[in-house]
Amino acid sequence: MSLILMQERRIAENRPVLPNIDEEFQILVQQTANPSCIMIQPLEYVNVIHNLEKEMCDVYNNLKSGLDSNIQEGSLCAVRHKTCWYRAHVDKVLDSESVSVKLLDYGSVSLVSSTDIKPLKESFTKVPFVGFCCKISGIAAKHGDWNVEDCLQTRVLIDHKKLFAQIKGIHLNQSSIGGIILELQLFDLNSMTGNKVDIGEVLIQNGCAIREKQKI
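Below is a short write-up of the structure. (Residues numbered from 1 in each chain as written. Predicted model: local features only at pLDDT ≥ 70, side-chain atom pairs only at ≥ 80, totals over all residues. Heavy atoms only, no water.)

## Remarks on the sheet that holds strand β7 (residues 117–119)
Item 1. Within the open sheet, the five strands sit side by side as β6-β5-β4-β3-β7. Their pairing is antiparallel. Looking at the sheet topology across the chains shown, the edges are occupied by β6 (109–113) and β7. With strand direction ignored, the average angle separating the axes of adjacent strands in the sheet is 45°.
Item 2. Pairing of strand β3 (residues 76–81) with strand β4 (residues 84–93), which is carried by six bridges, proceeds in the antiparallel orientation. Each bridged residue has a counterpart across the sheet, and for leucine 76 the counterpart in β4 is histidine 89.
Item 3. Across the sheet, helix α2 (residues 46–60) is in contact with β3, β4 and β7; its angle to β4 comes to roughly 80°. (Pairing = 2+ DSSP bridges. Helix = DSSP H or I, 4+ residues; strand = E, 2+ residues; numbered from the N terminus. Axes fitted to C-alpha atoms, helices over the stretch in contact; angles between N-to-C directions. Contact = heavy atoms within 4.5 Å.)

The structure is reproduced here in structure tokens:
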């Protein structure tokens, strides 16, 4: 088995246990590209990951910089952004100076300098990789793709927020962390009434989306 396949299987196996379909849980939205591409963490792991990354900073900031010969496509690695270090998976070594990685606890893809990447120590793999890519359930773009206004309104509604979620489906996708995309119904709390607000319904009401079966 190739290193790439071996590590992808390892990532898929080292994931949090997901709630059952329709069972409510809480998430933190880390990054939003559009309603069909949202990066989240289960809320119960947010502090765990924060503490882990503090430990990684203590270890990796004291190491000598430079591209390690053990870094290759498929490797688990630690990558630096400013003074912080994050767990990642090497997608592609582009050249001697740059590497494309997936951030395992955030779900996103990043381009990093070869001076800012090191092999991931085994002790930092004990905590599950908690970044998930998801889409909002039951809605679609009006004309085949999300426009800039749709994306901006979605970010205003959910970016960097703690939300309630229910899994409505799990879809295989080899380009995503762990090989899956979660289809989620998302809810925020109305600060005035305390009632839950369905994010998908808000996007429909605001003219940013239509119900999926109504796609034209």
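Having put the structure on the table, let's press on.
## A few points about the pattern of salt bridges
Item 1. By the definition in use, this model includes eight salt bridges.
Item 2. Residue aspartate 116 is joined to arginine 80 by a salt bridge in which the shortest nitrogen-to-oxygen separation is 2.7 Å. With aspartate 116 in the loop between β6 and β7 and arginine 80 in strand β3, the pair connects residues that are 36 residues apart, well separated along the chain.
Item 3. A relative accessible area of 25% means that arginine 80 is categorised as partly exposed.
Item 4. Across the salt bridge formed by aspartate 188 and lysine 161, the nearest N and O atoms sit 3.6 Å from each other. With aspartate 188 in strand β11 (residues 180–189) and lysine 161 in the loop between α3 (148–158) and β10 (162–172), the pair connects residues that are 27 residues apart, well separated along the chain.
Item 5. By relative accessible area, which is 30% here, lysine 161 ends up partly exposed. (Salt bridge = Lys/Arg side-chain N within 4 Å of Asp/Glu carboxyl O. Buried < 20%, exposed > 50% of the residue type's maximum accessible area, 1.4 Å probe, protein only.)

## Regarding unusual backbone geometry
Item 1. One non-glycine residue with positive phi stands out, namely lysine 82, at about 60°.
Item 2. The topology assignment puts lysine 82 in the loop between β3 and β4.
Item 3. Residue classification places lysine 82 among the exposed residues on the basis of a relative accessible area of 70%.
Item 4. For histidine 160, which is not glycine, the phi torsion reads 60° and is therefore positive.
Item 5. Looking at the secondary structure, you find histidine 160 in the loop between α3 and β10.

## Considering the side chain of serine 100
Item 1. Note that serine 100 resides in strand β5 (residues 98–103).
Item 2. A residue is classified by how much of its surface remains accessible, and serine 100, at 16% relative accessible area, is buried.
Item 3. Those residues in contact with serine 100, other than ones at most four positions away along the chain, are His89, Val90, Asp91, Lys92, Leu94, Val109, Ser110 and Leu111.

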